[in-house]
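# Understanding the architecture of this molecule
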Amino acid sequence: MTPGVAPAVELRELSKRFGEVAANAGVNLRVRAGTIHGVIGENGAGKSTAMKLLYGMLRPDSGEILVEGIPCVWSSPAEAIARGIGMVHQHFMLAGPYTALDNILLGAEPVRRGMVDRRAARLKLDALARQYGLPVDWDRPIEELPVGVQQRVEILKLLYRDARILILDEPTAVLTPQETNGLFENLKKLRGEGKTVLLVTHKLRDVMAFTDHVTVFRAGRVAGDMPTSQTNPQELANLMVGRKVILNIQVPPAQPRPESALEISGLTLAGAAGSRHRLAGISLRVKRGEIVGIAGVEGNGQSELVQAILHPRDPRCRTSGAVNVLGREVSGWAAARIRALGVAVIPEDRLHEGLLPERPVRENFLLGLQRTAEFSRAGVLNSRRLADAATAAVSEYDVRPPDVDLCAGHLSGGNQQKLIVAREFHRRPSLLIAAQPTRGVDVGAIEFIHQRIVRARDEGAGVLLVSSELDEVLALSDRIMVMYEGRITAEFARGAASEQELGLRMGGA
Amino acid sequence: MAFGEDALDWGPAFDEDASARRPYLELAIGYRLLAIFPAVRRILQPILAVAAGLGLGLAATAIAGENPWHVLVILARGAFGSGYGLGMTLFYSTPLIFTGLSVAVAFQAGLFNIGAEGQLTLGALAAAAVGAVWPGLPWPLAPVLAGVAALAAGMLWGAIPGWLRARRGSHEVINTIMLNFIAAGLASYVALYVLSNPDSQNPETRPIGAGYCISQYAVFGGAPVSAALPLALLAAVAVWLLMSRTVLGFEMRAVGQSEAAARAAGIDPGRIQILALALAGGLAGLVGVGEVLGNAQKFKVGFSPEYGFMGIAVALLGRNQPAGVVAAAMLFGALHKGAADLDMETEHLTREVSMIFQALIILSVSAEGVWNWMSARRRAVKGVKPVGAPLEPGVAS
């Protein structure tokens, strides 16, 4: 670090407790001005807490925060903003029906003769957008803009308020690979203009590709701090988890059985004219004992495909074409009847579709299994057996903390996902439909979930894996199909496709 | 405000429910440690809130020129001081248990039943109609039949908005409110033109046959406390068993928590919504048993002092739990009875003062944010807690 130049941000021995738990226990962090600084760690490692302390959303119990060399004590984010700190939250803070312009002005409206001076604001924003290469259609309502552009609006919001230090919390979680690359081009431009970027993430790939320096958090402390050029993904993963992690598991070749787990022919879903949300003559077959991966940029019909298989009665999923699950033609079936055939589902939106966040782990374990003979008789639940099974599953699947009375919403993302996997695998499925099974999940849990999926395959389940993570599709799938605009546009056997080729196919080439 | 500040400072002011909505997963373990406290807090907070609401209400009577202590004594004596007083309290509480359960059951399934008033109107009308049309039926067949009619009419009146919500997507709040008006109109029509009582000037139906009457308990000095009270308590137990012990109850709560997650798990949310509102309507319809078979022996237009709407307050105060609903119904019944005595025994107060008390109790129960704010401020004043010796420092570059 250059002597004499104050770091943009310095945290000294920062500590913050919640009850008995030290979320931050003496965090030391220095961020050099004009760099992209990665902050990585598993869920619950304390990186978000540290950023919330820096941004004034929380107050430290002890320790110091220095911004550009000046000690700061915030009582609210407004004070941090005034000192040039801005934060883009993982869940955007935007008002959907308002235009992009009004979203940026909200709370910082330029006033002229008692009226909002949109013209002056637009001039300033046009200049900013040009300077940093962040074009936005100012007059479109936010909800009509793609996620990547919404993120641009969030960044412009900070720049409009003259932020010099930008904190981005998990900015790539919602982006497609192309949008991710676009974002990082923008961040590099921001760095070129002298801004400092703090990138909070758990994606090793993002850190390795785009940061200058990286700090690893584990269990409320800093476990490592080094220039990105002097480290590698394996070392970072080990530091995050605190043990040796297998980043890409070795999958033995499949031994597929002759019988099908899932057979789809000519599946078509008519959507609104011009929308991408439709399916055009999808045909595919998943044998028992093999993993078929559906690769594709999100929004190319993967969600619709899964819904059409599982909810044939729902008018929004109404299709033509035939779906055969485990030897049964399921058109017109109720969802529960299909699941009872031995179908397990890892839904793509864990919090929305997979869990009851305000109910205890025990009840979440029961969800979908409540009518099985194991847990109920004549409509009456067997609470004792449920408690035993949930406790056993929580320990087998390493859900932490292992407390079946804790609300599911209080678990970290990785542990929520492990809970869902535990529940769905309790069926001993013959068909597993796994949609984005490791999205937003930390490294240790990814390894675990991948191993379980492969084990289910080896025990004879057919697996349909839908994922937008190339690494995941490549590592797990015995066959890969690429989906683009509602069609299957390519098919590869294991090892037959390179990452580049797959990426091109996903882009429609 | 002076009440209970110490009692509130059990720990960080995390709203247990709100926290799940925010993605503060980092705090997961911290919440777990707090998990024991919300249990205490869930019980204590409404009690303190009721005390606060009563205190505010009594203070209001002082403004009206009464001695608050005197008012409290009259209230308590009126509601509990005699067999008759206690009986009237229980008489008012019984329909509130039914309507409170009705609102609570729907709420557990994620639905807001504002239609208990219409459902109980039709329930009472159905019971009275059965009794008026077949007056000769013998006991015990007669009251059972009338009770089933009340239940069925209420269920029908609940199932309609349930079906509209589940299959047509129209909101149950609008539809239950509108069905209240239709029920009132229907009941007036039947009472005036179809089954009108030839011996009365009032808008009411013909009296039911003698075989329909359910016993009134003599210990209450003539207050119309009937077998409807044990029926209401039984209903509370049944609702508790349903919600906590059965597959259907679990599915109802799952739909109430997250329609999307329930659907993904293979539950048909629409079917559950129809069932839940039908059940809610049936519970409200059972109000007719106490009113028609146990009290009036006929359907009187306007017999309900808005029991259906008070049921919303009862469910809110009772936190949508059957035991809480019973307790809250008893409280509101007592206020209703006690306030009637205030009307007679004080110079400046009328029976409507019970509404003021109810409103203040509801407001203080709802003011959860204020409680959290107070305990947060208290901690801020006390200053930060020491953290102990700094732990191993991180590796700085």
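Bear in mind that the values here come from a model prediction, so they are computed numbers and not experimental data.

Conventions and cut-offs
Residues numbered from 1 in each chain as written. Chains lettered and ligands numbered in written order. Predicted model: local features only at pLDDT ≥ 70, side-chain atom pairs only at ≥ 80, totals over all residues. Helix = DSSP H or I, 4+ residues; strand = E, 2+ residues; numbered from the N terminus. Rg over C-alpha atoms; globule rule 2.2 N^0.38 Å. Buried ≥ 20, exposed ≤ 12 C-beta atoms within 10 Å, placed from the backbone. Contact = placed C-beta atoms within 7 Å. Domains from an automatic or database assignment. Nonpolar A, V, L, I, M, F, W, Y, C, P; charged D, E, K, R; others polar. Axes fitted to C-alpha atoms, helices over the stretch in contact; angles between N-to-C directions. Parallel < 35°, antiparallel > 145°, perpendicular 65-115°, else oblique. Pairing = 2+ DSSP bridges. pLDDT = per-residue confidence, 0-100.

Within chain A, the secondary structure is distributed over 17 helices and 24 strands. Whereas a compact globule of 509 residues would reach a radius of gyration of roughly 23 Å, chain A reaches 24 Å, a difference of no more than 12%. The C-alpha extent of chain A, read off along each of the three principal axes, is 70 × 50 × 45 Å. Every one of the 509 residues in chain A was classed for burial, and the buried ones make up 49%. By sequence separation, contacts in chain A at least 24 residues apart represent 69% of the contacts at least 6 residues apart.

Residue and element names in this part refer to chain B. Taken domain by domain, chain B holds domain 1 (1-66 + 350-383) and domain 2 (89-346). At the junction of the two partners, domain 1 supplies 13 residues and domain 2 supplies 13 residues. Looking at the side of domain 1 that touches domain 2, the elements that each hand over two or more residues are helix 4 (36-63) and helix 17 (353-366). A per-class count over the side of domain 1 that touches domain 2 returns seven nonpolar, three polar and three charged.

On to the packing of helix 11 (residues 247-257) of chain B against helix 13 (residues 269-285) of chain B. Residues and elements named next belong to chain B. Where helix 11 contacts helix 13, the axes come no closer than 10 Å and their chain directions differ by 110°. By the criterion of interaxial angle, the relationship of helix 11 to helix 13 is roughly perpendicular. Of the residues in helix 13, those in contact with Glu 251, Met 252 and Val 255 of helix 11 are Pro 269, Ile 272, Gln 273 and Ala 276. Of the residues contributing to the contact of helix 11 with helix 13, the split by class is five nonpolar, one polar and one charged.

Okay, the sheet that holds strand 11 (residues 213-218) of chain A next. All names here are of chain A. Strand order in the open sheet made by the six strands is 6-9-10-3-11-12, with mixed pairing throughout. Single-partner strands in this sheet number two, and they are strand 6 (85-88) and strand 12 (221-227). Each adjacent strand pair in this sheet contributes to an overall mean axis angle of 20°, direction not counted. Bridge analysis of strand 11 against strand 12 gives six bridges, and the strand direction is antiparallel. Within strand 12, the position partnered with Phe 217 by the bridge is Val 222. Against the sheet, helix 8 (residues 233-241) contacts strand 3 (36-41), strand 11 and strand 12, and its axis sits at roughly 30° relative to strand 11.

Looking now at the confidence of the model for chain B. Residue and element names in this part refer to chain B. For chain B, the mean per-residue pLDDT works out to 84, and 82% of the residues sit at or above 70. Per-residue pLDDT stays below 50 along residues 1-35; that stretch engages in 67 contacts with residues further than four places along the chain or on separate chains. The ipTM for the predicted assembly is 0.77, set against a pTM of 0.76.

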